[in-house]
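Below are the chains, spelled out letter by letter.
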Amino acid sequence: MTDNTGEIAAEQAHLTTLYQHLDALRVYARSRLSTVLLESGGTPQARSERESFSAMYAEDLAKYDAAENGLCFGRLDMADGETRHIGRLGLLDEDNDYETLLLDWRAPLARPFYLATPASPDGVSLRRHIRSRGRTVTSIGDEHLDLREGDSGTGAGGVAGEGALLDALNAARTGQMNDIVETIQGEQDRIIRSEHKSVMVVQGGPGTGKTAVALHRAAYLLYTYRKQLARSGVLIIGPNETFLDYIGQVLPSLGETGVLLSTIGNLYPGVHATVEDSIEAGTIKGSTDMVDVLRNAVRDRQQVPTSPIEIRYDTYTLALDRKMCTRARGRARSSRRPHNLARPLFASMIVDALAEKFAAVVGENLVDGSNLLSRSDIADIRDEMRHDPEVLAAIDRLWPELTPQQVLSDLLRSAKRLATAAPELTDAQRAALLRTAAGFSAADAPLLDELAELLGIDESAEQDRRARQWRKQIADAQGALDILTGSAPQDLEDDLDPEILMAYDLIDAGQLAERQRSTDNLTTAERAAGDRTWTYGHVIVDEAQELSEMAWRMLMRRCPNRWMTVVGDTAQTGDPAGSSSWNAVLEPYVAQRWKLHELTVNYRTPSEIMDVATGVLERIAPEQTPPRSIRSSGRLPWARKVRPDEHLDALRAALAEVPAGRLSAVLVPNGTVDDYRELTAGEVSVLTVGQAKGLEFDAVFIVEPQAIVDESSRGLNDLYVALTRATQQLGIVHSLDLPPVLDGLAEAAA
Ligand SMILES: Nc1ncnc2c1ncn2[C@@H]1O[C@H](COP(=O)(O)OP(=O)(O)OP(=O)(O)O)[C@@H](O)[C@H]1O
């Protein structure tokens, strides 16, 4: 080992300077923030400026906190003598002509840190990885890129910063994904910084860093296109809530907060998936066949009566008959407006027809022979009829104002409605869709979104949110009033509570304006989340192979500019409604204007485990090249055959051998989680494969792989996902025979 004490001391000196600057920035932002918060009054413009300043300083502070650990992690020495330090944010020396002290990892000048190789050094002579704990440099690792031919500056396979990378990969999992800014690899960097402006697909086997790349791309785009993206926001779609929790800390740790993370099931504002669909129901709901079914379901709500509806008006009884209704419906439908927006047309056709009928009846009954009513009489009658309760009730019955939620739950709970709307489906398919439970499933969200289009823009969720916020403001004012007057808190359940009116009176116009603005001051992500018609500047989809056709339709509405990063692996598709071909999914929206990038190195799964998984991959996607594992663990995966009542014991024994501080997962067939729940502990999770999608653990134990394979038409894909979750060791516990694809596994002695 070479003695690098002197070099470490020099890096320490630089790091100390960097932290001094960071601290100074913090002090400045904090004092500006408190000054701004203490100011009050002034013109509306001054107030609004204050608000944006306070948001800015608060954001700066969050960014400084996020950079506290690992502030500076790299250094480049250029062949021309220039030195660049690279870290989590950029720092300038204000007293020294704004000289750069630290380069943000996303800055163009930092790029050679990730891309330079001895074969193409890009002007770099030395790349240094700097490791620190707290504010202390603990070690440095140097790679000389200006070596003569034959020398090797990087580790095997041209991996940059191998020591730092392997340390990161071998570390115990924490249950939270970490950022990888210190060790981004060349093939990953090219995707993160791609200038491609349409759909970019990142296809890569398990553990190739697709999720990591997607998140770092979000951070990179927000840095590089801050102006465009700050207002429109970036949306990231993940497969489930557990996964979103797992990745949730990465962007804040990179100092980015303006991103909305969502599942497809939660993307429709105001609706959260609470119901679980059967595989069959989920598959049908994901298919674009549903577009026609939903269109029919809406048309089915546009009725003509079988027998005339009798309406009492004035002293007469008017018959609203089939013919009048059919005409009105035809006119309203041919307007091609969405249902709710065509309703006024339908209503006015009905009113016209009734007014005409009334005029005729009255004319017939006039005894004095004065004959017809004048035009203005008829106009008056129309106006009156428009507000007549019986007329309104008839219109409501024939062409009701509808919400997406209403149409969908009525449809799914009625065999009759389903039969009318879905004549193309088989009886068995319709039976699979039928349900009794209230609430919606994840696959319902795209259907609700489709219905919102068919019905006309539905802003009820947003209105609900505003209404709730307004009630809260009133409640706050009441709270203030209670404190002022010393009275007990009032029950605010009743809208007509006179106490609320008092609170209302207490808020003067200025306060109202102030409060209203504070709701307008929501972050971009918060506003976007509440607005179905929000369109994002950039959309990132992770585990994109799981999205159904209907989900893609919904997502494309959120991204009219089609600037997307789509990340996934068609060999890992578990959802039968998901896709096995990127072209089939994207063609309808962008034709051939999408670009494919591939990731080839597996950073997660050791080669011993990957060898087993490769056997499965050959069966499900023989055309795919298996990702190359970057390391081996020296531990062979094993299988242990047990009697049906011995699973728990065998798993307990296996879990007991996992070193303390390491995370384990027991992956079980659907519907059997409860049988194994007692194994759950701080470091042990019991999950189905679907729940484990995208996650990783130090040790993984799979229960009954044959049952997992048998569960769905994509059971082998699920097995492939299960096999590739471990960073260290893998075991299988089974009493059924192993699926033939796992024949090569060594049976472990009991
Ligand atoms: N350049 C890197 N430096 C350090 N760690 C990395 C790097 N690239 C990937 N990793 C790590 O490898 C693991 C796998 O990455 P990730 O979860 O992004 O893979 P994935 O392709 O999304 O996998 P899957 O398809 O199986 O969900 C993670 O722990 C990630 O932090």
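Worth saying up front: this structure is predicted, and the values here are computed from it rather than measured.

### Regarding the overall build of the chain
Phase 1 of the analysis: Assigned secondary structure in the chain consists of 31 helices and 24 strands.
Phase 2 of the analysis: Counting all 750 residues of the chain, 38% fall into the buried class.

### Section: the sheet that holds strand β6 (residues 136-144)
Phase 1 of the analysis: If you walk across this open sheet you meet the six strands as β3-β4-β2-β1-β5-β6, and the pairing is mixed. The open sheet has two edge strands, β3 (91-93) and β6, and neither has a second partner. With strand direction ignored, the average angle separating the axes of adjacent strands in the sheet is 20°.
Phase 2 of the analysis: Relative to strand β4 (residues 99-104), strand β2 (residues 83-87) runs parallel, the two being bridged by two bridges. The residue bridging I86 from the neighbouring strand is L103, located in β4.

### A look at helix α15 (residues 389-398)
Phase 1 of the analysis: The complete set of buried residues in α15 reads V391, A394, I395 and L398. Take α15 and look down its axis: the buried residues cluster within an arc of 100°, on one side only. In α15, the exposed positions angled more than 90 degrees off the buried face are occupied by P389, A393, D396 and R397.

### Notes on helix α12 (residues 322-334)
Phase 1 of the analysis: Its 13 residues place the ends of α12 18 Å apart at the C-alpha level, agreeing with the 18 Å of an ideal helix rising 1.5 Å per residue.
Phase 2 of the analysis: Among the residues trailing α12, R336 stands out with phi positive, at a value near 60°.

### A short note on the sheet that holds strand β22 (residues 697-703)
Phase 1 of the analysis: Strand order in the open sheet formed by six strands is β21-β20-β22-β23-β19-β24, with parallel pairing between adjacent strands. If you trace the sheet from one side to the other, it starts and ends with β21 (684-688) and β24 (746-747), each paired once.
Phase 2 of the analysis: Sheet topology places strand β20 (residues 664-668) next to β21; five bridges connect them, and they run parallel. Residue S664 lies in a different strand from β21, and its bridge partner there is V684.
Phase 3 of the analysis: Each of β19 (638-641), β20, β21, β22 and β23 (726-734) touches helix α27 (residues 647-656); the most contacted strand, β23, lies at about 160° to it.

### A few points about the site of the ligand
Phase 1 of the analysis: In the vicinity of the ligand lie 24 residues, with P206, G209, K210, T211 and Y603 positioned nearest.
Phase 2 of the analysis: Elements that contribute at least two residues to the shell around the ligand include exactly α4 (162-170) and α6 (210-224).

### Considerations on the UniProt feature "binding site: ATP" (unreviewed entry) in the chain
Phase 1 of the analysis: Feature annotation in UniProt places "binding site: ATP" (unreviewed entry) on G204, G205, P206, G207, T208, G209, K210 and T211, given in this structure's numbering.
Phase 2 of the analysis: Examined against the element boundaries, G207 turns out to sit in the loop between β7 (199-204) and α6.
Phase 3 of the analysis: Setting aside anything within four residues of it in sequence, one finds G207 in contact with N602, Y603, R604, T605, P627 and T724.
Phase 4 of the analysis: Within the secondary structure layout, T211 lies in helix α6.
Phase 5 of the analysis: What T211 contacts, discounting residues up to four positions off in sequence, is M177, I247, D542, V567 and G694.

### Remarks on the pairing of strand β8 (residues 234-237)
Phase 1 of the analysis: Alternating positions in β8 separate into two faces, V234 and I236 on one and L235 and I237 on the other, with burial throughout.
Phase 2 of the analysis: Direction of pairing for β8 relative to strand β14 (residues 538-541): parallel, over a ladder of four bridges. Across the sheet, I237 pairs through a bridge with V541, a residue of β14.

### A closer look at the packing of helix α26 (residues 607-620) against helix α31 (residues 715-723)
Phase 1 of the analysis: Running from N to C, α26 and α31 point in directions that differ by 165°, and their axes come no closer than 9 Å. Here α26 is positioned roughly antiparallel relative to α31, judged by the angle of their axes. Regarding α26 and α31, the two cross each other, and that crossing is left-handed. Contacts between α26 and α31 involve I609, V612, A613, V616, L617, R619 and I620 from the first element and L716, N717, L719, Y720 and L723 from the second.
Phase 2 of the analysis: Looking at the contact of α26 with α31 residue by residue, the class counts come to 10 nonpolar, one polar and one charged.

### Notes on unusual backbone geometry
Phase 1 of the analysis: Positive phi is not limited to glycine here, since D122 has a value of about 55°.
Phase 2 of the analysis: Mapped onto the fold, D122 is located in the loop between α3 (112-115) and β5 (124-133).
Phase 3 of the analysis: When the 14 C-beta atoms within 10 Å are taken as the criterion, D122 is described as partly exposed.

### Some details on the environment of P308
Phase 1 of the analysis: Within the fold, P308 resides in the loop between α11 (289-299) and β11 (309-313).
Phase 2 of the analysis: The spatial distance from the C-alpha of P308 to the C-alpha of V199 is 55 Å, given a sequence separation of 109 residues.
Phase 3 of the analysis: In this structure, P308 is in contact with A319, L320 and D321, ignoring residues within four places of it in sequence.

### Section: the nonpolar core
Phase 1 of the analysis: Grouped together as the largest cluster of nonpolar side chains are 146 residues, with contacts concentrated most on A218, V234, V541 and L667.
Phase 2 of the analysis: At nine residues, α6 tops the list of elements feeding residues into this core.
Phase 3 of the analysis: Leaving out residues up to four positions away in the same chain, L667 has contacts with L687, V689, A692, V700, I702, V703 and A722.

### Observations concerning the environment of I8
Phase 1 of the analysis: Of note, I8 is situated in helix α1 (residues 5-38).
Phase 2 of the analysis: On the basis of neighbour counts, which here come to 16 C-beta atoms within 10 Å, the residue I8 falls in the partly exposed class.
Phase 3 of the analysis: Separated by 123 residues in the primary sequence, I8 and R131 place their C-alpha atoms 10.0 Å from one another.
Phase 4 of the analysis: In contact with I8, not counting residues within four places along its chain, are V137 and I140.

### Structural notes on the packing of helix α16 (residues 404-412) against helix α19 (residues 444-455)
Between two packed helices, what matters for the description is the angle formed by their axes and the separation of those axes.
Phase 1 of the analysis: Taken N-terminus to C-terminus, the directions of α16 and α19 make an angle of 120°; their axes are 8 Å apart at the nearest point. By the angle between their directions, the pair α16 and α19 is classed as oblique. For α16 against α19, the interelement crossing comes out right-handed. Here P404, Q405, V407 and L408 of α16 lie close against α19, whose contacting residues are D444, L447, L448, L451, A452 and L455.

### Comments concerning the environment of L215
Phase 1 of the analysis: Mapping L215 onto the fold places it in helix α6.
Phase 2 of the analysis: With 327 residues separating them along the chain, L215 and D542 place their C-alpha atoms 9.3 Å apart.
Phase 3 of the analysis: Beyond its immediate sequence surroundings of up to four residues, L215 is in contact with I247, V250 and L251.

### Brief notes about the confidence of the model for the chain
Phase 1 of the analysis: For the chain, the mean per-residue pLDDT works out to 86, and 87% of the residues sit at or above 70.
Phase 2 of the analysis: Low confidence marks residues 149-158, where pLDDT is under 50. Its contacts with residues over four positions away, or in another chain, come to 13 contacts.
Phase 3 of the analysis: Per-residue pLDDT stays below 50 along residues 484-520; that stretch engages in 29 contacts with residues further than four places along the chain or on separate chains.
Phase 4 of the analysis: Scored by ipTM, the complex comes to 0.98, with pTM at 0.84.

Analysis parameters
Residues numbered from 1 in each chain as written. Predicted model: local features only at pLDDT ≥ 70, side-chain atom pairs only at ≥ 80, totals over all residues. Helix = DSSP H or I, 4+ residues; strand = E, 2+ residues; numbered from the N terminus. Buried ≥ 20, exposed ≤ 12 C-beta atoms within 10 Å, placed from the backbone. Pairing = 2+ DSSP bridges. Axes fitted to C-alpha atoms, helices over the stretch in contact; angles between N-to-C directions. Arc of directions from axis to C-beta. Expected span 1.5 Å × (residues − 1). Contact = placed C-beta atoms within 7 Å. Near = placed C-beta within 6 Å. UniProt positions renumbered as here; feature names shortened; annotations may be inferred. Parallel < 35°, antiparallel > 145°, perpendicular 65-115°, else oblique. Left-handed = near helix turned anticlockwise from the far one by under 90°. Nonpolar A, V, L, I, M, F, W, Y, C, P; charged D, E, K, R; others polar. Core = buried A, V, L, I, M, F, W, Y, C linked by C-beta atoms within 7 Å. pLDDT = per-residue confidence, 0-100.

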